[in-house]
Amino acid sequence: GLELSHCVGASSLGPAVPWRSGGPCKMKRVRTVFKPEQLERLEQEFLKQQYMVGTERVDLAATLHLTETQVKVWFQNRRIKWRKQSMEQKAAKLSQFGVIQPATADSTDIKDHEEDTVDVEL
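Small disclaimer: the values here were computed from a predicted structure and weren't measured. (Residues numbered from 1 in each chain as written. Predicted model: local features only at pLDDT ≥ 70, side-chain atom pairs only at ≥ 80, totals over all residues. Heavy atoms only, no water.)

Things to note about the overall build of the chain
Reasoning step 1: Helix and strand content of the chain: three helices and two strands.
Reasoning step 2: Ordering the α and β elements of the chain from the N terminus gives β-β-α-α-α.
Reasoning step 3: A burial count over the chain gives 22% of its 122 residues as buried.
Reasoning step 4: Sequence separation of at least 24 residues holds for 54% of the intrachain contacts in the chain that already meet a minimum separation of 6.
Reasoning step 5: When the accessible surface of the chain is split by element, carbon and sulfur atoms take 57% of a total near 9,000 Å². (Helix = DSSP H or I, 4+ residues; strand = E, 2+ residues; numbered from the N terminus. Buried < 20%, exposed > 50% of the residue type's maximum accessible area, 1.4 Å probe, protein only. Contact = heavy atoms within 4.5 Å. Areas by Shrake-Rupley, 256 points an atom, 1.4 Å probe, with all protein chains shown as cover.)

Looking at the packing of helix α1 (residues 36–48) against helix α2 (residues 54–64)
To describe two helices that pack against each other, one gives the angle between their axes and the distance between the axes.
Reasoning step 1: Their axes nearest at 10 Å, the elements α1 and α2 cross at an angle of 160°. Here α1 is positioned roughly antiparallel relative to α2, judged by the angle of their axes. As for how α1 packs across α2, the hand of that crossing is right-handed. Across the interface between the two elements, Gln 38, Arg 41, Leu 42 and Glu 45 from α1 touch Leu 60, Thr 63 and Leu 64 from α2.
Reasoning step 2: Here the contact of α1 with α2 is composed, by residue class, of three nonpolar, two polar and two charged. (Axes fitted to C-alpha atoms, helices over the stretch in contact; angles between N-to-C directions. Parallel < 35°, antiparallel > 145°, perpendicular 65-115°, else oblique. Left-handed = near helix turned anticlockwise from the far one by under 90°. Nonpolar A, V, L, I, M, F, W, Y, C, P; charged D, E, K, R; others polar.)

So this is what it looks like as C-alpha cells:
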C-alpha cells in the first residue's frame, strides 16, 4: 500500500480523505527513498534494457525488497531522465555547429508509450 503523510491544508470541512481524491483535505504520499545499493542495481538493469516488464520486474522488485510499482515507476522516471539527457546532448552538438534549435522538442524523438503517462512520482 501507499504510505500517506499528514493531512495537507486541513480544514473543518470534513474528515481526512485519501490523496488525489479532490476532497477538502488531501493526503500526500511519502516519497520513496532508495538505498544506494538499490539504485546501483536499478541503473545496471536500465543499462541492459530500458523497459522492465513481467516476471523480470517482479523478480527485481523482490530482490531489492521493493514493490513492483516502485520498480515500474523508477523505470518510467529513468526513461524520462534519459530522454531529456539525450535531447540536451543533441542540442549541445547542434549548437557547436551553429544550428539553432527550435523552442520545443521534436515529437518524433520521443517515443510515446501509454505506460509512461501514468503517475511518475516516487
